[in-house]
Amino acid sequence: MGKYLITKLHEEFASLLKDPEVTKDYCSFYSSVVNWIKQKKKYFTKEIMERWRLDVLVNLDPNEYIVDEPDIDLSTEALRFEKIPPDKIDTLAMLIGDTLWDMVTIYSEKRLSCM
């Protein structure tokens, strides 16, 4: 995948994170990021999805798995992503996956913030 395309995806993702509707709460953030990944499935191949465990994240029910107070400041996520321009799709997938994994619990009986 070319550097131009990675740059465009990165810019588009950072722009998504600037939307106040996306960052109004953790559930909106999580759901918006998952929807964005699904829209870009042409770039996030099965191998990339599995490597960074995005395949698991896009199928989690945020109503059951998002923790009450993740250690993520939604108001600064766009700035954080802008400062780390990825050089390949794997790097972008890793950054996104790390953020989403910080927001979820592995215990499905834990029903929290998206309710």
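This text goes with the structure placed above it.
Draft legend 1. Here's a closer look at the pattern of salt bridges. Applying the stated criterion across every chain yields a total of five salt bridges. For R51, the salt bridge identified is with D90, shortest N-O distance 2.4 Å. Residue R51 is located in helix α3 (residues 46-51), and its partner D90 is located in helix α7 (residues 89-101); the two are separated by 39 residues in the primary sequence. Measuring nitrogen to oxygen at the nearest pair gives 3.1 Å for the salt bridge that ties R80 to E77. Of this pair, R80 and E77 both sit in helix α6 (residues 77-83), three residues apart, roughly one helical turn. Owing to a relative accessible area of 33%, R80 belongs among the partly exposed residues under this scheme. Relative accessible area serves as the criterion here: at 5%, E77 is assigned to the buried category.

Reading guide: rules and limits
- Residue indices begin from 1 for each chain and proceed along its sequence in written order.
- pLDDT decides what is reported in this predicted model: residues at 70 or higher carry local features, side-chain atom pairs at 80 or more are listed and counted, and totals for whole chains, interfaces and linings draw on all residues regardless.
- Note that the side-chain values use all heavy atoms of the structure and ignore hydrogens as well as water.
- Here, a salt bridge means any side-chain nitrogen of Lys or Arg that lies within 4 Å of a carboxyl oxygen of Asp or Glu.
- Per the convention used, a helix needs a DSSP run of H or I reaching at least four residues, while a strand needs a run of E reaching at least two, with both numbered from the N terminus.
- The buried label goes to any residue with under 20% of its type's maximum accessible area, the exposed label to any with over 50%, and the partly exposed label to all in between, with areas taken from a 1.4 Å probe on protein chains only.

Taken by themselves, the reported measurements are silent on function.
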